[in-house]
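For reference, the chains in residue letters:
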Amino acid sequence: MSDREKPNKARALFDRGEYPEARKLLEGITTKDPSIRINVLSALIGVLDHVSENEKLLAVANEGIEVATIAGNNTMRSYFLGKKCFFLMSNLSMIIYRQKNLTLSARVFEWIGFSLERDKNEYEAIGEERKKLEKEIDLSLETVIDEVERDSDHDFRGHQFSTIGDAYSSKYLADKLDFQDGGKYKSKIANLYLVRRWNLDRYLYGKDVRHKIDQSRDSCIKYFERSIVEFGLAGKKSEQAHAIYNLAVKMQLFNCFRRAKKLLTEARTMAESINENRLLDKITKLEVSVTDRNRNIRDYVSEMGLDMP
């Protein structure tokens, strides 16, 4: 099998849920041919774990930007830039989480500062890193939005709007963590299930902060809705069904379970019409989670080892 054929073979493996095999095949391709390399890198973004392998994904996106730029492929350069923006948002969330941990004692007991001098030094160093990262994210996201708005390809627009929506959902979570005002009583209240279930924790934030968080949420929804429309215009039923499903995932994140349920019904109908069995499995699992109404949500903190001292 030639290197040009291997990416398509890997995608077929991916579609059957054989992710390790798809990854092994892709990582074994060593050709420097730009057209093949771009195909390999875009496929790798699909098979790598988006929870535990963010740094690897970021490296793939950076290489994709470089190769696509050299090849003069502006569409794929924009695609990889959009993915990079999303992966950078994940890095930002990690930085914010670390900053919060460094000031944990001070947020619970206002009279306590940093517990160690090295914690204070680390906090200041992270702050500088964070400023650079936030600037890069803002510029990247601005560029991606500008380029997709000027493009007329409905399929491309659909994919990019989904990526932009993903970036804004990450921003929503990062802002909720970043602007969380400490205090042991507020922390206890925010972690109560009924408070989270009905989004009442938003009233623990100031008015301006609530507006900023709501803007990220609304932007996420808006761009996913636009993605669904674009895939419909492109006649891409599979991509449209996936976009509807992904919007349902976001609505679950925002505790909008009624709309999530409606979207899942719509995604199921479309997936069944085109025999998208892998998507149907994902829909079934999410339906259980939506019915559960986030009582038993996935513990990403423990999964990524962030709860370790």
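In the block above lies the structure referred to throughout.
Residues numbered from 1 in each chain as written. Predicted model: local features only at pLDDT ≥ 70, side-chain atom pairs only at ≥ 80, totals over all residues. Heavy atoms only, no water.

Colleague: What should I look at first to understand unusual backbone geometry in this one?
Modeller: One non-glycine residue, N255, lies in positive phi territory at about 65 degrees. Among the secondary structure elements, N255 is positioned in the loop between α12 (237-253) and α13 (257-273). In the Ramachandran plot, N275 falls in the positive-phi region, its phi being about 55 degrees despite a non-glycine side chain. For N275, the location among the structural elements is in the loop between α13 and α14 (277-292). (Helix = DSSP H or I, 4+ residues; strand = E, 2+ residues; numbered from the N terminus.)

Colleague: Would you explain the nonpolar core in this entry?
Modeller: Note on soluble globular proteins: their nonpolar side chains tend to be buried together. Counting residues in hydrophobic clusters, the biggest one holds 75 residues, and the most contacted among them are L26, F80, I164 and I283. Among the elements that line this core, the one with the most residues is helix α5 (residues 74-102), at 13 residues. Excluding residues that lie within four positions of it along the chain, F80 makes contacts with I38, L41, S42, I45, A61, G64 and I65. (Core = buried A, V, L, I, M, F, W, Y, C linked by side-chain atoms within 4.5 Å. Buried < 20%, exposed > 50% of the residue type's maximum accessible area, 1.4 Å probe, protein only. Contact = heavy atoms within 4.5 Å.)

Colleague: What's the story with the pattern of salt bridges in this structure? I'm lost.
Modeller: Pairing is possible between side chains of opposite charge, provided their charged atoms come close. In this structure the tally under the stated criterion is 21 salt bridges. Linking D33 and R4 is a salt bridge whose minimum nitrogen-to-oxygen distance equals 3.4 Å. Here R4 lies in the segment before α1 (6-15) and D33 lies in the loop between α2 (19-27) and α3 (34-47), a separation of 29 residues in the sequence. On the basis of relative accessible area, R4 is assigned to the partly exposed category, the value being 48%. E53 is paired through a salt bridge with R23; the nearest N and O atoms lie 2.7 Å apart. Taken as a pair, E53 in the loop between α3 and α4 (54-71) and R23 in helix α2 lie far apart in primary sequence, 30 residues in all. The partly exposed category is assigned to R23, whose relative accessible area is 24%. (Salt bridge = Lys/Arg side-chain N within 4 Å of Asp/Glu carboxyl O.)

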